[in-house]
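Inside the fold
What follows is the residue order along each chain.
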Amino acid sequence: MGGETQSRMSSKSNYPKLSAGPVGKQIHHIAKERLGQFTSDGQYEQQGLLPKLYEGRASGESCIKLSVYSPPNLSRPTFKDATSHDFEPTKVGKEFGPSWSTHWFKVQLTVPSDLKDKKHLELHWDANNEGLIWTKDGHPLQGLTGGGERTEWVLPESFRDGKEHMFYIEMACNGMFGNPPGGDQIQPPKPDKYFKLKKADIVAVNLEARALYFDFWIIGDAAREFPEDSWEEHEALQVCNSIMDAFVAGNGSKDSIQQCRKIARKYLGDSVDSAEVYGTSQEAI
């Protein structure tokens, strides 16, 4: 009784009370800001992924001739009516409007010889407004939204023959959500808004680099959205940093992109090249 009871915790633990050496703690805002340097412009652009997204680009009248018909009085003609009128020469840098008007572009495109053997070719068209691509026979192909959203159209393989190919783009002078001034959806639409055609390029795309861009964006988003100091945030940050560390900006970038995608696949899974990467498996529910 009393002092005769022996403590059950008398045996010494082998668990160290102090670390064997200095242990660093990750500073979250610095780690997250570093991610942006890999996929953005600025002073570190040439050391990041952006220059590797495209393998070639062509623009100007030697490969893309543009002409336009602008229907009067905000009218919305049919394809047959619009394409029956005379088209006036135009070019990148011109402005079109006002709000709610439409403009029909005849595009005469010739893929230059230095791009015709590239793996993947696209037309990049951006006027910061909505558009619709039509075949020369009047078949709608694909919508465009502009403003950094959907601005790409994959060129058909038949366009690689060195000959001129013609199609139309119908431009609508409004954004995806109308014409609010300053992006304020509550305010009345601006009736006299004009849109500048900023880009009409033939672009050879490095598909693996583009895939890595989206891999990195998904994992980086996880790092930004998970609770701070959670193991999920820590894991996503470490994967992103491993990708950046494995990337080679110079001549070895092709092999390093493959290595970076292997690192991403360990996090995102084997469905990384399909829409299933956004899904949730039954096992995880």
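Rules of the game
Residues numbered from 1 in each chain as written. Predicted model: local features only at pLDDT ≥ 70, side-chain atom pairs only at ≥ 80, totals over all residues. Heavy atoms only, no water. Axes fitted to C-alpha atoms, helices over the stretch in contact; angles between N-to-C directions. Helix = DSSP H or I, 4+ residues; strand = E, 2+ residues; numbered from the N terminus. Parallel < 35°, antiparallel > 145°, perpendicular 65-115°, else oblique. Left-handed = near helix turned anticlockwise from the far one by under 90°. Contact = heavy atoms within 4.5 Å. Nonpolar A, V, L, I, M, F, W, Y, C, P; charged D, E, K, R; others polar. Core = buried A, V, L, I, M, F, W, Y, C linked by side-chain atoms within 4.5 Å. Buried < 20%, exposed > 50% of the residue type's maximum accessible area, 1.4 Å probe, protein only. Salt bridge = Lys/Arg side-chain N within 4 Å of Asp/Glu carboxyl O.

Under an unreviewed UniProt entry, the name given to the chain is Glycoside hydrolase, 38 vacuolar alpha mannosidase, and the source organism is Cryomyces antarcticus.

With that out of the way, let us pick up the packing of helix 1 (residues 28–38) against helix 3 (residues 207–225). Viewed as axis vectors pointing N to C, helix 1 and helix 3 meet at an angle of 160°, and their least axial separation amounts to 11 Å. One element, helix 1, and the other, helix 3, form an angle in the roughly antiparallel class. The element helix 1 and its partner helix 3 pack so that their crossing is left-handed. Each of Lys32, Leu35 and Phe38 in helix 1 lies in contact with helix 3, whose residues at this interface are Phe216, Gly220, Ala223 and Arg224. By residue class, the composition of the contact of helix 1 with helix 3 is 4 nonpolar, 1 polar and 2 charged.

To continue, consider the nonpolar core. One finds Leu109 and Trp125 to be the most contacted residues of the largest nonpolar core, which totals 29 residues. Of all the elements in the fold, those that place two or more residues in this core are strand 2 (64–69), strand 5 (102–109), strand 6 (121–126), strand 10 (165–172) and strand 12 (199–205). Formed by 25 residues, the second largest nonpolar core is a distinct cluster that contains Leu35, Phe216, Cys260 and Ile263.

Quick look at the pattern of salt bridges now. Opposite charge on two side chains lets them pair, provided their charged atoms get close. Counted under the stated rule, the structure contains 12 salt bridges. A salt bridge links Asp201 to Arg57; the shortest N-O distance between them is 3.0 Å. Of the two residues, Asp201 is situated in strand 12 and Arg57 in strand 1 (residues 54–58); the sequence distance between them amounts to 144 residues. Overall, Asp201 belongs to the buried group, its relative accessible area being 11%. Its salt-bridge partner being Arg261, residue Glu208 comes within 3.4 Å of it at the nearest N-O pair. On the criterion of sequence distance, the pair formed by Glu208 in helix 3 and Arg261 in helix 5 (residues 253–268) is long-range, its members being 53 residues apart. A relative accessible area of 29% means that Glu208 is categorised as partly exposed.

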